[in-house]
Amino acid sequence: MAKVINPDICVIGGGAAGLSVAAGAAAFGVPVVLIERGLMGGDCLNHGCVPSKTLIAAARHAQAIRMAGGFGLTASEPVVDYKRLHARIQAVIAGIAPHDSVERFTELGVEVLQSSARFVDENTVAAGDHLIRARRFVIATGSSPAVPPIPGLETVPFLTNETLFDLTRLPAHLVIVGAGPIGIEMAQAHRRLGADVTVIESRRALLDADPELASIAIAALRHEGVVLHEATTILAAEHVGSRIILRCENGSGAFQVEGSDLLIAAGRRPNHASLGLAAAGVDYSDKGIEVGPDLRTSNRRVYAIGDAAGGLQFTHVASYHARLVLQQMLFRLPARENRAIVPRVTYTDPEIAEVGLSEAEARQKFGAVDIIRTDLATSDRARTDGIEAGLIKIVVGRRGRILGVGIAAASAGELINMWSLAVANGMTLKQVRGYVAPYPTLSEIGKQAVISYYAPLAKTAVVRSAIRALRYFG
């Protein structure tokens, strides 16, 4: 006979979103059941953010060795011990894993069930030999790699982000299908580590990013030797001996790409097929579980958050969603998702970071807007660090309100933080103009951009002189 549990909250999924809800509710003494069928920590810890950024960090050091000549040092081709790199990736994961573990959450007071979950009716979830009847349910089951319908792909061994970091060897020639953030980040990282890399994209690379910013990152990848085919259709895939062959076609005609390894990075699909959502009265589609601005589903007892709800797929969105549903469930306070305040970062070099409205979105919504563009070349710190390419782009509305900011630069993911605060609080350029930026830092570029807005008719030399004077005289 099934054991019946009656917690206040039942969370399905032990990734970033689910763990945030469970920990937050447990901190207030609320009875919580957490159900996870796989690895605690979800995709981010085990297959996503953590291993990918560890690999990118190694690639950045490899590139620094290669480019050392520009700083008066002896440059050389880096020697990559991929088994040691793999071991470091696993060690970083292992170092974070205890924070997300069953043991830690049990100590927090959460009842963790390591099982699959399935709704049996609108008020009940079955998990193993348990039936959970909770006051509220939170679906946080994340997403998985989407596999495109390429003829012959079923006969070809391929990697996804879930298997890529299991490799203990560097691919000789990595072919990547998909030029979104995952595909482009992994393309640059593997190229810097010494692999040949070819990327095939059916549309434009980094399609969701501002084209002006994306072009800076894409130019850097091409300069480093990544081969990128955009607007290209893959007609068929074959596995011949040790080679993987993709037969392709684009505006230049038919061609084929041969490689040693194939990575599929063509988007993601939500994990909800086995949840029995119809039995729960929860509406869904292939894009995700349908939710309102409050993240509630068509069943008022059930919320869906993170990748499971579709929309932006970032770990910090999962944490943001968790806060919104906790606010509603624990404190009965209304909460609505505002995607405009969520920063988006692609971890290439240079990085691309955006928050708020893009130029195109702002023009569509408001019509006339002002755009401030300042090149990173005007930054003294960029010069000292040998950074040649970069741009900050600020979208300005009426009365100087900051509608959106985009940055293509080294450490753009760090630089966007202040602008995220500005967009979230509806700040104006005048308010940003009043803060003091430390010198010399890359963050000064934002202050320079704001100052330039107030002197549109001045010649470039005059503006730069004024900026230097302001550093010393306030």
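Use the structure listed above.
An account of the accompanying structure is given in this report. It should be emphasised that the depicted structure is a prediction, and the values quoted were computed from it without experimental measurement. (Residues numbered from 1 in each chain as written. Predicted model: local features only at pLDDT ≥ 70, side-chain atom pairs only at ≥ 80, totals over all residues. Heavy atoms only, no water.)

### Section: the layout of surface pockets
Our working definition: A cavity here means a set of 1 Å grid points, computed over protein atoms only, where a 1.4 Å probe fits but cannot escape. A pocket is an open set with protein on both sides within 12 Å along at least 5 of 7 lines, and lining residues have an atom within 4 Å of a point. Grid points are joined across faces, edges and corners, and a volume is the space filled by probe spheres set on the points. In this description a helix means any DSSP run of H or I spanning at least four residues, a strand means any run of E spanning at least two, and both kinds are numbered starting from the N terminus. Asp, Glu, Lys and Arg are counted as charged, while Ala, Val, Leu, Ile, Met, Phe, Trp, Tyr, Cys and Pro are counted as nonpolar; the rest, among them Gly, fall into the polar class.
Reported here for the second largest pocket is a volume of approximately 1,100 Å³. Lining the second largest pocket are 34 residues; nearest its centre among them are Gln63, Arg192, Glu224, Asp349 and Ile387. Looking at the lining of the second largest pocket, the elements that each hand over two or more residues are α3 (49-66), α7 (181-193) and α8 (211-224). Looking at the lining of the second largest pocket element by element, the count peaks at seven residues for α3. Taken together, the residues of the lining of the second largest pocket sort by class into 18 nonpolar, seven polar and nine charged.

### Notes on the pairing of strand β2 (residues 9-12)
Cut-off, in case you're wondering: When accessible area is computed with a 1.4 Å probe and restricted to protein chains, residues below 20% of their type maximum are described as buried, those above 50% as exposed, and intermediate ones as partly exposed. For two strands to be treated as a pair, DSSP must find no fewer than two bridges joining them. Seen with the strands pointing away from the viewer, any crossover whose path from the first strand over the helix to the second strand runs clockwise is right-handed.
The alternating pattern of β2 places Ile9 and Val11 on one face and Cys10 and Ile12 on the opposite face, and all of these are buried. Pairing of β2 with strand β3 (residues 32-35) involves four bridges; the strand directions are parallel. Of the residues in β3, the one forming a bridge with Cys10 is Val33. Handedness of the crossover is the feature at issue here: the chain leaves β2, passes through helix α1 (residues 16-27), returns alongside β3, and the resulting connection is right-handed. Bridge analysis of β2 against strand β8 (residues 136-139) gives four bridges, and the strand direction is parallel. Among the inter-strand pairings, Val11 is bridged to a residue of β8, identified as Val138.

### Thoughts on the packing of aromatic side chains
This is how it is decided: Pairing of aromatic rings covers Phe, Tyr and Trp, the last through its six-membered ring, and needs centres within 6.5 Å; plane angles under 30 degrees mean stacked, over 60 mean edge-to-face, and all others mean tilted.
With the rule as written, the count across this model stands at three aromatic pairs. Between the aromatic rings of Phe28 and Phe331, the centroid separation amounts to 5.2 Å while the plane-to-plane angle is 85 degrees, which identifies the pairing as edge-to-face. A residue pair is termed long-range when its members are at least 10 positions apart, and Phe28 in the loop between α1 and β3 and Phe331 in helix α10 (residues 315-331) qualify at 303 residues. Residue class for Phe28 comes out exposed when judged on its relative accessible area of 55%. A residue is classified by how much of its surface remains accessible, and Phe331, at 42% relative accessible area, is partly exposed. Considering the side-chain rings of Tyr453 and Tyr454, the 5.4 Å spacing of their centres and the 90 degrees angle between planes classify their relative orientation as edge-to-face. Taking the relative accessible area as the measure of exposure, Tyr453 reaches 26% and is therefore partly exposed.

### Regarding unusual backbone geometry
Looking along the chain, the bond that leaves Asp349 and enters Pro350 is cis, with omega of 5 degrees. Inspection of the secondary structure assignment puts Pro350 in the loop between β21 (344-346) and β22 (351-356). A cis amide bond links Tyr439 to the next residue, Pro440, at an omega of -5 degrees. Turning to its location among the elements, Pro440 is positioned in the loop between α14 (429-433) and α15 (444-453). A positive phi angle, close to 50 degrees, is found at Leu206, a residue other than glycine. Tracing the backbone through its elements, the reader meets Leu206 in the loop between β11 (196-200) and α8. Overall, the relative accessible area of 3% leaves Leu206 in the buried class. In this model, Arg332 sits at a positive phi of 55 degrees, which is unusual for a non-glycine residue.

### Comments concerning the packing of α7 against α8
Angle between the axes and distance between the axes are the two parameters that describe a pair of packed helices. Where we set the bar: Axes here refer to lines fitted to C-alpha atoms; in helices the fit is confined to the stretch in contact. Angles between the N-to-C directions go from 0 to 180 degrees. Orientation labels follow simple angle bins: below 35 degrees gives roughly parallel, above 145 gives roughly antiparallel, 65 to 115 gives roughly perpendicular, and whatever is left gives oblique. Should the near helix be turned counterclockwise from the far one by less than a right angle, the crossing is left-handed, whereas a clockwise turn marks it as right-handed. Residues are treated as being in contact if the distance between any of their heavy atoms lies within 4.5 Å.
Axis separation between α7 and α8 bottoms out at 10 Å; the angle between their running directions is 30 degrees. When the axis of α7 is compared with that of α8, the two are roughly parallel. As α7 packs across α8, the resulting crossing turns out to be left-handed. Residues Ile184, Ala187, Gln188, Arg191 and Arg192 of α7 lie in contact with α8, whose contacting residues are Ile218, Leu221 and Glu224. Of the residues that constitute the contact of α7 with α8, the class distribution is four nonpolar, one polar and three charged.

### Digging into the side chain of Ser379
Here is the rule we go by: In protein, a polar contact means a hydrogen-donor-capable atom and an acceptor-capable atom, both N or O and within 3.5 Å, with residues adjacent in sequence counting only if both atoms are side-chain atoms; elsewhere, any N or O pair within 3.5 Å suffices.
Locating Ser379 in the fold gives a position in the loop between β23 (370-375) and α12 (380-384). For Ser379, a relative accessible area of 0% corresponds to the buried category. Engagement of the side chain of Ser379 in a polar contact is seen with the backbone nitrogen of Arg381, the distance being 3.3 Å. Filtering out sequence-adjacent residues up to four positions away, Ser379 remains in contact with Thr441, Leu442 and Gln448.

### A closer look at the nonpolar core
Generally speaking, soluble globular proteins have nonpolar side chains that are buried together. Defined as follows: As used here, the term nonpolar core means buried Ala, Val, Leu, Ile, Met, Phe, Trp, Tyr and Cys residues forming a set that is joined through side-chain atoms within 4.5 Å.
Within the largest apolar cluster, 41 residues are counted, with the highest numbers of intra-cluster contacts made by Leu55, Ile176, Met186, Val199 and Leu206. Of all the elements, α8 adds the most residues to this core, at six residues. With residues up to four places along the chain from it excluded, the contact list for Leu206 reads Ala179, Gly180, Pro181, Ile184, Ala214, Ala217, Ile218, Thr346 and Ile352. One finds Ala17, Val102, Leu295 and Leu324 within the second-largest nonpolar core, a separate group that totals 32 residues.

### Describing the sheet that holds β21
Ordered in space as β21-β22-β25-β24-β23, the five strands form an open sheet in which the pairing is antiparallel. If you trace the sheet from one side to the other, it starts and ends with β21 and β23, each paired once. Going across the sheet, the axis of each strand differs from the next one's by a mean of 10 degrees, ignoring polarity. Here β21 pairs with β22 via three bridges, running antiparallel. Bridge pairing in β22 links Thr346 to Ile352.

### Some details on the side chain of Glu185
Its location among the elements puts Glu185 in helix α7. The exposure class of Glu185 is buried, given its relative accessible area of 7%. Reaching out from Glu185, the side chain makes a polar contact with the side chain of Lys53 at a distance of 3.3 Å. Those residues in contact with Glu185, other than ones at most four positions away along the chain, are Lys53, Ile56, Val345, Thr346, Tyr347 and Thr348.

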